[in-house]
Amino acid sequence: MTVGHDGLERFARDFSAGTVLFEEGQRGDFMYVVQSGEVEIRRTVGDTERVLAVLPPGEFFGEMAILNARPRSATAVVRVASRLLVIEGRTFEAMLRARPEIALRIIKSLALRLESANQQVELLLLPTPNHRVVQCLRQMADEQILLAGAAINASSAIIVPTTIEAIATRVGLPEHEVSDVVDRLRAARLVLLAEDAGITGQGFIVPEVGRLLEFLEFLALKDRFDPQAEQLPAD
């Protein structure tokens, strides 16, 4: 949704960093679109509140509580000073009826979210930190390949612009456990830090996608025949 074309400027509001837009379990009367800034989506898992996603400009959220009339499934917190469109439920429903292109964009976005949720469930079902982190890096590499729209081969190197914190959130592990696995992957030359290759900024490099896929197969076989083993192979 873009303000200039959709005439939604009247719904725009400014929020300071740290503002709680809604909390998990609350009734939902509004949906939101990020015009500028960032919003964190958090959810309580056990005794810990985890960040599920950080939404940049152009993303929308909060619509499911309106569409299915159920309590909020997560908490939304403004990460940095932001400008958001705040749209009441009846207005949102009227927009969907009157503007099919908006409804289509939302359906496409929801389909992508469902695919992402399925991948996250797949990660959380994996038995060890090694499995989870390696599979997560593989998924993130696949996402970069799709974004680039380029053909690759087994020896292709892929840059994955992410952080230990983001990986930990995605795989449901403490950051120190993710760091331990990444350190072992670096020692085996399966993954490099961006800085290892002289690239400025945060992120990782998968030097050979084929080797990472082979290692995933190795983990699966190791888990089948020697479930007690947890070591990465030597380089």
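Check the entry above for the structure.
In this text, all values refer to a predicted model and were calculated from it rather than measured experimentally.

Rules of the game
- Residues numbered from 1 in each chain as written.
- Predicted model: local features only at pLDDT ≥ 70, side-chain atom pairs only at ≥ 80, totals over all residues.
- Heavy atoms only, no water.
- Helix = DSSP H or I, 4+ residues; strand = E, 2+ residues; numbered from the N terminus.
- Buried < 20%, exposed > 50% of the residue type's maximum accessible area, 1.4 Å probe, protein only.
- Contact = heavy atoms within 4.5 Å.
- Areas by Shrake-Rupley, 256 points an atom, 1.4 Å probe, with all protein chains shown as cover.
- Arc of directions from axis to C-beta.
- Polar contact = N/O pair within 3.5 Å; in protein donor to acceptor, adjacent residues only side chain to side chain.
- Pairing = 2+ DSSP bridges.
- Core = buried A, V, L, I, M, F, W, Y, C linked by side-chain atoms within 4.5 Å.
- Phe/Tyr/Trp six-rings, centres within 6.5 Å; stacked < 30°, edge-to-face > 60°.
- Salt bridge = Lys/Arg side-chain N within 4 Å of Asp/Glu carboxyl O.

Novice: Would you mind going over the overall build of the protein with me for this structure?
Specialist: Along its length, the protein carries eight helices and nine strands. Across the 235 residues in the protein, those meeting the buried criterion constitute 37%. In the protein, 69% of the contacts between residues at least 6 apart in sequence involve partners at least 24 apart. Total accessible area on the protein stands at roughly 13,200 Å², and carbon and sulfur atoms take up 53% of it.

Novice: Is there a simple way to think about helix α3 (residues 89-98) in this case?
Specialist: The periodicity of an α-helix, 3.6 residues per turn, causes residues three or four positions apart to be oriented the same way. The set of residues buried in α3 consists of G89, F92 and M95. Within α3, the buried residues cover an arc of 120° as seen down the axis, which keeps them to one side. Looking at α3, the residues exposed on the side facing more than 90 degrees away from the buried face are R90, R97 and A98. Between the side-chain oxygen of the N-cap and the backbone nitrogen of R90 there are 3.0 Å, and the N-cap of α3 in question is E88.

Novice: What's the story with helix α6 (residues 164-171) in this structure? I'm lost.
Specialist: All buried positions along α6 are accounted for by I167, A168, R170 and V171. In a view along the axis of α6, the buried residues occupy a sector of 165°, so they form one face of it.

Novice: Please clarify how the sheet that holds strand β9 (residues 204-206) should be interpreted in this entry.
Specialist: To summarise the sheet geometry, strands pair through backbone hydrogen bonds and adopt either a parallel or an antiparallel arrangement. Reading across the sheet, the three strands line up as β7-β9-β8 and stay open at both edges, with antiparallel pairing between neighbours. Each edge of the open sheet is held by one strand with a lone partner, namely β7 (158-160) and β8 (192-193). As defined by bridge partners, β7 adjoins β9 across three bridges and the pair is classed as antiparallel. Looking across to β9, one finds that V160 is bridged to F204.

Novice: Please clarify how the nonpolar core should be interpreted in this entry.
Specialist: Nonpolar side chains in soluble globular proteins tend to be buried together. Within the largest apolar cluster, 28 residues are counted, with the highest numbers of intra-cluster contacts made by V133, V134, L137, I167, V178 and L185. Counting residues per element, the ones that place at least two in this core are α5 (129-148), β7, α6, α7 (175-187), β9 and α8 (209-225). Of all hydrophobic cores here, the second largest spans 14 residues; its members include F22, A74, A76 and V86.

Novice: Before we go on, may I ask you to explain the packing of aromatic side chains in this structure?
Specialist: This structure, assessed with the given rule, holds three aromatic pairs. Measuring from centroid to centroid gives 5.9 Å for F22 and Y32, while their planes differ by 35°, and the two rings are tilted. You can see F22 sitting in strand β2 (residues 20-22) and its partner Y32 sitting in strand β3 (residues 30-45), a full ten residues away along the chain. Comparing F22 with Y32 shows no difference in burial state: the two are buried. Centroid distance F22 to F61: 6.1 Å. Interplanar angle 45°. Geometry classified as tilted.

Novice: Explanation requested: the pattern of salt bridges in the structure shown.
Specialist: Between side chains of opposite charge, a pair can form as their charged atoms come close. Enumeration over the complete set of coordinates arrives at ten salt bridges. Note that R27 is salt-bridged to D29, the shortest N-O span being 3.2 Å. Among the ionic pairs, R79 bridges to E38, the shortest N-O distance being 3.5 Å. Here R79 is found in strand β6 (residues 75-88), whereas its partner E38 is found in strand β3, with 41 residues between them in sequence. A single network of salt bridges, built from pairs that share partners, joins E38, E40, R42 and R79.

Novice: Honestly, the environment of R43 in this entry has me stumped. Any pointers?
Specialist: The residue R43 is located in strand β3 in this model. Sequence separation between R43 and E23 is 20 residues, and the spatial gap between their C-alpha atoms is 9.0 Å. For R43, the residues in contact, after removing those within four places along its chain, are E24, T48, E49, R50, L52 and S73. A distance of 3.4 Å separates the side chain of R43 from the backbone oxygen of S73, its partner in a polar contact.

Novice: Looking at this model, I keep getting lost on unusual backbone geometry. Mind explaining?
Specialist: Peptide bonds are trans in most cases, and residues, glycine excluded, mostly fall at negative phi. Here A69, not a glycine, exhibits a phi torsion of approximately 55°, which is positive. Counting through the fold element by element, A69 comes out in the loop between α2 (63-67) and β6. For A69, a relative accessible area of 70% translates into the label exposed. One non-glycine residue, R189, lies in positive phi territory at about 60°. Position of R189 relative to the elements: it lies in the loop between α7 and β8.

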